[in-house]
Amino acid sequence: QQPVQSPQAVILREGEDAVINCSSSKALYSVHWYRQKHGEAPVFLMILLKGGEQKGHEKISASFNEKKQQSSLYLTASQLSYSGTYFCGTEIGNTPLVFGKGTRLSVIA
Amino acid sequence: EAGVVQSPRYKIIEKKQPVAFWCNPISGHNTLYWYRQNLGQGPELLIRYENEEAVDDSQLPKDRFSAERLKGVDSTLKIQPAELGDSAVYLCASSLIGAGAIYFGEGSWLTVV
């Protein structure tokens, strides 16, 4: 069951904030977040396990709402280097990770 | 420490020809994955190995795709014969069992003409 990401694309100016959402129709065991720059491999950002925890990675943090079966990725004071496509991946029980279609983020000067 | 290494980086072949991709995972990682990524889409799992055993290959088109992971380290993914729709990036990834984070290689870009 592929998670749904929103928005599909977003354009920010340097210093602005953004939120990327990832939702599932089924109860989640964990949510992973990755960033992929054009022509490069996806890079692991963080993983959240069920329990509603929040994690941070530099100025990028995420939350996991188990009841709503969704996760949100927060990018604060965006930098040019944040540009890329962000993917969430979700695990349901013992099933392997399934990735969403991605959110393309462009940060401009 | 070296990351996941894949080769070739790029491959252009004619339809109906065979092609093979090779992957060397991060040292010590016992779980290896092959994903396919189409343009503008997220990675889709083809097969997952834990050591030498293929534990999830439900999305692998077995009529033309095959994979092996001899000795539980390197892996190869083969397509024979290739079709136009196989054009994609084939990503290899690895992780420790139960560790969560998956580390991807740079991918093998396949174009079938």
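See the structure printed just above.
Participant: Any chance you could explain the overall build of chain B here in plain terms?
Facilitator: Scanning chain B for helices and strands turns up zero helices and eleven strands. Counting from the amino terminus, helix and strand elements in chain B follow one another as β-β-β-β-β-β-β-β-β-β-β. Its C-alpha radius of gyration of 13 Å places chain B within 12% of the 13 Å reference for a compact globule of 113 residues. With respect to the three principal axes, the spread of C-alpha positions in chain B is 40 × 25 × 25 Å. A burial count over chain B gives 45% of its 113 residues as buried.

Participant: What am I meant to see in the side chain of R48(B) here?
Facilitator: Tracing the sequence through the fold places R48(B) in strand β5 (residues 44–50). Within the local environment of R48(B), its side chain forms a polar contact with the side chain of E50(B), the two groups lying 3.2 Å apart. Aside from chain neighbours lying at most four places away, what touches R48(B) is N94(A), P96(A), T31(B), L32(B), Y33(B), E53(B), A54(B), V55(B) and D56(B).

Participant: Would you take a moment to explain the interface of chain A and chain B for this structure?
Facilitator: Counting from both sides, the interface comprises 15 residues of chain A and, opposite them, 18 residues of chain B. Approximately 1,300 Å² of surface area, both sides summed, lies buried where chain A meets chain B, with 62% of it carried by carbon and sulfur atoms. Contact with chain B buries area across many residues of chain A, yet P42(A), P96(A) and F99(A) alone supply 32% of it, more than any other trio. Linking chain A with chain B are three residue pairs in polar contact (both at pLDDT 80 or more), by the criterion used here. Elements with a contribution of two residues or more to the side of chain A that touches chain B: β4 (30–36) and β5 (43–49) of chain A.

Definitions and limits used
Residues numbered from 1 in each chain as written. Chains lettered and ligands numbered in written order. Predicted model: local features only at pLDDT ≥ 70, side-chain atom pairs only at ≥ 80, totals over all residues. Heavy atoms only, no water. Helix = DSSP H or I, 4+ residues; strand = E, 2+ residues; numbered from the N terminus. Rg over C-alpha atoms; globule rule 2.2 N^0.38 Å. Buried < 20%, exposed > 50% of the residue type's maximum accessible area, 1.4 Å probe, protein only. Polar contact = N/O pair within 3.5 Å; in protein donor to acceptor, adjacent residues only side chain to side chain. Contact = heavy atoms within 4.5 Å. Buried area = accessible area lost by both parts, 1.4 Å probe.

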